[in-house]
Amino acid sequence: MTQMQVLNMDLEKPTLEQSQENGLAPTSLEESLESTGSKRARRRRWPWLLAFCLMVAAAYALLIYMGQADKIEAWKTRLTQMIVAAYEMLPRPGQGTTERGQTPGKPGSGSQTAAPPAPRAAPPVPVVTTAVKQGNMGIYLTGLGSVTAFNTVTVRPRVDGQVIKVAFQEGQIVRQGDLLAEIDPRPFQVQRGQAEGQLAKDTAQLQNAKVDLERYKVLLAQDSVAKQQLDTQIALVNQYDGVIKSDQAQIDNAKLQLTYSRITAPITGRIGLRLVDPGNVVRANDPTNGLAVITQGQPMAVVFNIPEDDLPQVLKKVRSGQHLTVEAYDRNLKNKLATGTLLTIDNQIDPNTGTVKCKAVFPNEDDALFPNQFVNARLLVDTKKDTSIVPSAAIQRSPQGTFVYVVKDDSAVEMRSVVVGPSEGEAVAIEQGLAPGEVVVIEGVDKLQRGTIVAARMTGASNAKGNQ
């Protein structure tokens, strides 16, 4: 050993001892030499790595300068791969290699691999659950329908004349007999005066003819006149009687025209928009023009269709005397407008659609239904009592059938096959497979398997609908 090597060992010895006291340096000479060699190797590799990076950057700049734009993207990828490979070649702290390529360990123990960590338990899957409810589930038949008024009247004038007054407001509820409009009555008043004058004249002639008849009877008893003259006088009296009746009919006709000049409401209902303004001349029974339209709003009818396959079930209920409930919903089938009862069923099936018309009656006290309004009619034909009800989101389907995820007491889920019954909105009746009170998953089912541990959050109230 040369003098310089001895001197270097003497200089390094205090440092190693001091490091051992602080718990930071290796505890043996072999480990100290290996650590020193690893550091020197890293120092020797840094200049080469720096030179390599400079060469790659120079090549990249040269490509840009020469206009080799088509090769830049390929060089970008290669540059990235080479830098990553060079970085992987650098030793990590605590992972230096000995000259034999082995990972340093304790003296005399050779290469040693750390034990793998114990597997961690999977965290519970968060889900939303609800309890199975027990209640009554209604079975409905849904059909498209339209609202139809029981009575609709177009008010038309029955005499000719000029409209001098309109006595209603558009959209007003009118009662039967209320004045709606008035036509100028003066022409009819004149006609009545003429008829009354003619009646007075003919009445006087009748009285004179009756007096002459009495004279002829006395004269005939005295054999002073011929029998023919008496018969002629009797015929004249009868003739005047007929004239009197005709005059009276003329008077009655004039009074009727005066009555028709006052147009009144024929039914009770809501009147529509005014079709004729005051000052217009109208004609009697004009088929094109009317004054207004009145529709009876209470009660109101709904005509809807049901499939012909469901007709026997409905007829059985109707023939037994049951009053089937019908609910009218809006176009989106979300808001219930009114509740009524089935009135009658049509006497034939439409061969084009395979449906039959049904007519239901609604009290419509709140005027929720309007004539010609489009509605969805739902006919209640049966009710399943005390059945298990779950939200439709809980039902899952697979090639083997329908099933639900049931949360057990140990927070593990179970896949359970169920038999699905009728549905109502977002609620589904379960005929077999579930009992009331069990907890089923309604959200988060995509991450579940048999036996998965879940962190369940119960909903405030079940979405299942039913009469509890």
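Because the structure is a prediction, the values reported are computed rather than measured. (Residues numbered from 1 in each chain as written. Predicted model: local features only at pLDDT ≥ 70, side-chain atom pairs only at ≥ 80, totals over all residues. Heavy atoms only, no water.)

## Here's the deal with the pattern of salt bridges
Within this structure, the stated rule accounts for nine salt bridges. Here aspartate 212 and arginine 215 are joined by a salt bridge, their closest N and O atoms 2.6 Å apart. Of the two residues, aspartate 212 and arginine 215 both sit in helix α4 (residues 186–221), three residues apart, roughly one turn of that helix. With a relative accessible area of 47%, arginine 215 lands in the partly exposed category. For glutamate 424, the salt bridge identified is with arginine 378, shortest N-O distance 2.5 Å. On the criterion of sequence distance, the pair formed by glutamate 424 in strand β19 (residues 419–424) and arginine 378 in strand β15 (residues 374–391) is long-range, its members being 46 residues apart. Note on glutamate 424: relative accessible area 15%, which makes it buried. For arginine 378, a relative accessible area of 7% translates into the label buried. (Salt bridge = Lys/Arg side-chain N within 4 Å of Asp/Glu carboxyl O. Helix = DSSP H or I, 4+ residues; strand = E, 2+ residues; numbered from the N terminus. Buried < 20%, exposed > 50% of the residue type's maximum accessible area, 1.4 Å probe, protein only.)

## What about the sheet that holds strand β5 (residues 173–174)?
Read across the open sheet, the four strands follow the order β3-β10-β8-β5; overall the sheet is antiparallel. Each of the sheet's edge strands pairs with one partner strand only, and the pair in question is β3 (152–155) and β5. Bridge analysis of strand β8 (residues 269–271) against strand β10 (residues 292–295) gives two bridges, and the strand direction is antiparallel. Among the inter-strand pairings, isoleucine 271 is bridged to a residue of β10, identified as isoleucine 294. (Pairing = 2+ DSSP bridges.)

## As for the packing of aromatic side chains
For the structure shown, the criterion picks out one aromatic pair. Ring geometry for phenylalanine 403 versus tyrosine 405: centroids 5.5 Å apart, planes at 85 degrees, classification edge-to-face. Each member of the pair, phenylalanine 403 together with tyrosine 405, is buried. A cation over an aromatic ring shows up here: arginine 378 above the ring of tyrosine 140, its NZ or CZ 4.0 Å from the ring centre. (Phe/Tyr/Trp six-rings, centres within 6.5 Å; stacked < 30°, edge-to-face > 60°. Lys NZ or Arg CZ within 6 Å of the ring centre and 35° of its normal.)

## Brief notes about unusual backbone geometry
Following glutamine 298, the chain continues into proline 299 via a peptide bond in cis, with omega recorded as 0 degrees. Phi is positive for asparagine 372, close to 70 degrees, though the residue is something other than glycine. Looking at the secondary structure, you find asparagine 372 in the loop between β14 (355–362) and β15. According to the relative accessible area criterion, asparagine 372 is exposed, its value standing at 72%. A positive phi is found at aspartate 386, a non-glycine position, where the angle reads about 50 degrees. Within the element layout of this structure, aspartate 386 appears in strand β15.

## A closer look at the confidence of the model for the chain
On average, residues of the chain score 80 in pLDDT, and 74% of them reach the 70 mark or higher. Below a pLDDT of 50 lies the segment residues 1–34, which in the model reaches 20 contacts outside its immediate sequence neighbourhood of four places, other chains included. Taken as a whole, residues 461–468 scores under 50 in pLDDT and shows 23 contacts with residues more than four places along the chain or in a different chain. (pLDDT = per-residue confidence, 0-100. Contact = heavy atoms within 4.5 Å.)

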